[in-house]
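Below, each chain spelled out in residue letters.
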Amino acid sequence: MTSTLIRRHLSPYPSSPSAPGAAISRARARDWAEIQERMMVPLYEAVYERLEVGAGTRLLGLGCGSGLALLMAVARGATVCGVDPDEERLGLACERLLAGPGARPGGARPGVPGGVARLARLADGGLGSALTATGAGVGTAARAGSGFTVVTAFDPLSAPGSGSALPERIASAAALAEPGSPVVLAGWGPPERCATSTVLRVADPTADPTFPQLPLGGAPSPRWQPCGRDDLEDLAQRAGLRLDGSGRVACPFGYADMDSAVRGLLSTGLFDAAERTTDATQVRKEITEALHPYRRQDGTVWMENVMRYLIART
C-alpha cells in the first residue's frame, strides 16, 4: 500500500496552533471524521464497486477530507493519493493512512508494505508540482503508463456549481491520469429527495458573498447550493472530459442525538460564513430548529438523502 497526502494551504486565515479559532478548527475536523464523513460511505462503496477499484488501482482523491474514502480504497488494494484544503482534516487523514503515532510529514512508517506515505504542502506550483516533489509519479508518468487510473471528487456537501476555476482544477487533475481513466464527480440529488437540503439552506441567507464556492480548495468555507440536473455534466464537459455514465445512491444522514447532528453539520464548513455574519450561537439555534422535523421519538435524528455521481473519462 502506498498513500500520499498533499497539503493544500490556501486559506487566508492563520492556521498556527496559537491562532484564534485553532481549537475550534481542530474540534470541527474531529467532528467531521467521527460524525459526518461516514454519511458518505454508501457513495464511496457504490463508486468503488462500479469501477472495480482494487489491486492495481492508482487513485487520486480530490477533497479527501480526513481520509475515509482513501482508507476504503486502500482496503480494496488500491494505491492512493489525497488532496484537501483543510489542514486539520488532512492531518487526521495522515494518521489514518499511516495507522498511528508513527505518522509524520514527509516520512515513512516502518512496516508499510509496498512503499511509504508522504505529506507535502501544495503551494503556488500547483497540484502537478507538489505531486512530483513527493515522488507520486505524475507529469509524463501518465503517458508512460504509471499515472493515476482513477480520479475522484467526492464533495457532495459543496456541490460543484459554476465556479470559474473549478473546470480548470478538474482538468489539471485529469491530466495526471492515464488516457481513458475515469474521473468521478459527486453532488446532491434532486432537492425534493434530500431532506438535509432544508437544513443546509440555513447557511445561505446570511452567508458572506465574498467567499465564493470552491469545492476543491481556495476558500476557507464552501457555500452550499443545490446541484442542478446537469451541473455535473456541464462541469465535466468544461473540463474537457467525456461523459460515461452516472448513478444515484441513498445516503441517509443519521445521528445519535440533536447535539451530534448539529456538530456534524457544522463540521462541513458550510455554516462558517453565516457564523461570521451573525454569531455561532444564532447559527446553532437555527440549525437545531431546522432539524426538529427529523428528530425521532428516541431522540435520534434521521434525514433521507440521495446523492448523485457522474463518471467521465480523460
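Residues numbered from 1 in each chain as written. Predicted model: local features only at pLDDT ≥ 70, side-chain atom pairs only at ≥ 80, totals over all residues. Heavy atoms only, no water.

Asks: Looking at this structure, how should I read the pairing of strand 6 (residues 182–188)?
Replies: Side-chain positions along a regular strand alternate between the two faces of the sheet. The buried count for strand 6 comes to 7 of 7 residues, which makes it a mostly enclosed element. The sheet contact formed by strand 5 (residues 150–153) and strand 6 spans 3 bridges and is parallel. Paired with Val151 across the strands is Val183, a residue of strand 6. Relative to strand 10 (residues 306–313), strand 6 runs antiparallel, the two being bridged by 7 bridges. Within strand 10, the position partnered with Leu185 by the bridge is Leu310. (Buried < 20%, exposed > 50% of the residue type's maximum accessible area, 1.4 Å probe, protein only. Helix = DSSP H or I, 4+ residues; strand = E, 2+ residues; numbered from the N terminus. Pairing = 2+ DSSP bridges.)

Asks: I would appreciate a short explanation of helix 4 (residues 87–98) in the present structure.
Replies: In an α-helix there are 3.6 residues to a turn, and that puts residues three or four apart on one side. Counted at 1.5 Å a residue, the expected span for helix 4 with its 12 residues is 16 Å, and the 16 Å between its end C-alpha atoms agrees. Restricting attention to buried positions, one finds in helix 4 the residues Arg89, Leu90, Leu92, Ala93, Cys94, Leu97 and Leu98. At the N-terminal end of helix 4, a side-chain oxygen is found 2.9 Å from the backbone nitrogen of Glu88, two or three residues along, and the residue is Asp86. (Expected span 1.5 Å × (residues − 1). Polar contact = N/O pair within 3.5 Å; in protein donor to acceptor, adjacent residues only side chain to side chain.)

Asks: Help me understand the environment of Thr288 in this model?
Replies: Inspection of the secondary structure assignment puts Thr288 in helix 12 (residues 280–291). Since its relative accessible area comes to 21%, Thr288 is described here as partly exposed. Through-space distance from the C-alpha of Thr288 to that of Val199 is 8.8 Å; in sequence the pair is 89 residues apart. For Thr288, the residues in contact, after removing those within four places along its chain, are Met258 and Val262. (Contact = heavy atoms within 4.5 Å.)

Asks: Teacher, can you tell me more about the packing of aromatic side chains here?
Replies: By convention here, two paired aromatic rings are described through the distance between centres and the angle between planes. For the structure on display, the rule yields 3 aromatic pairs. For the ring pair Tyr48 and Phe154, a centre distance of 6.1 Å and an interplane angle of 65 degrees mean the geometry is edge-to-face. Here the residue Tyr48 occupies a position in helix 2 (residues 41–51), and Phe154 occupies one in the loop between strand 5 and helix 7 (166–174), the gap between them amounting to 106 residues. What links up through ring pairs into an aromatic cluster is the set Tyr44, Tyr48 and Phe154. Cation over ring: Arg89 sits above Trp32, and NZ or CZ is 4.0 Å from the ring centre. (Phe/Tyr/Trp six-rings, centres within 6.5 Å; stacked < 30°, edge-to-face > 60°. Lys NZ or Arg CZ within 6 Å of the ring centre and 35° of its normal.)

Asks: What's the story with the pairing of strand 5 in this structure? I'm lost.
Replies: On strand 5, burial covers both faces: Val150 and Thr152 on one face and Val151 and Ala153 on the other are all buried. Examined bridge by bridge, strand 2 (residues 58–62) and strand 5 share 4 bridges and lie parallel to one another. Bridging from a neighbouring strand, Leu60 pairs with Val151 of strand 5.

Asks: I tried to follow the packing of helix 1 (residues 22–36) against helix 10 (residues 258–266) on my own but got confused; where do I start?
Replies: Geometrically, a packed helix pair is captured by the angle between its two axes and the distance between the axes. The contact between helix 1 and helix 10 brings their axes to 8 Å, and the two run at 115 degrees. The handedness of the crossing between helix 1 and helix 10 comes out as left-handed. Here Arg28, Asp31, Ile35 and Gln36 of helix 1 lie close against helix 10, whose contacting residues are Ser260, Arg263, Gly264, Leu265 and Leu266. Considering only residue class, the contact of helix 1 with helix 10 consists of 3 nonpolar, 3 polar and 3 charged. (Axes fitted to C-alpha atoms, helices over the stretch in contact; angles between N-to-C directions. Left-handed = near helix turned anticlockwise from the far one by under 90°. Nonpolar A, V, L, I, M, F, W, Y, C, P; charged D, E, K, R; others polar.)

Asks: I'm lost on the nonpolar core in this one. Help?
Replies: Note on soluble globular proteins: their nonpolar side chains tend to be buried together. The biggest cluster of nonpolar side chains holds 76 residues, and the ones touching the most others in it are Leu43, Tyr48, Ile170, Phe271, Ile287 and Leu291. Looking at this core element by element, the count peaks at 6 residues for helix 3 (residues 68–75). (Core = buried A, V, L, I, M, F, W, Y, C linked by side-chain atoms within 4.5 Å.)

Asks: Where do I start with unusual backbone geometry in this structure?
Replies: Most peptide bonds take the trans configuration, and most residues that are not glycine carry a negative phi. Of note, the phi angle at Glu52 is positive, near 55 degrees, even though the residue is not glycine. Relative to the elements of secondary structure, Glu52 occurs in the loop between helix 2 and strand 2.

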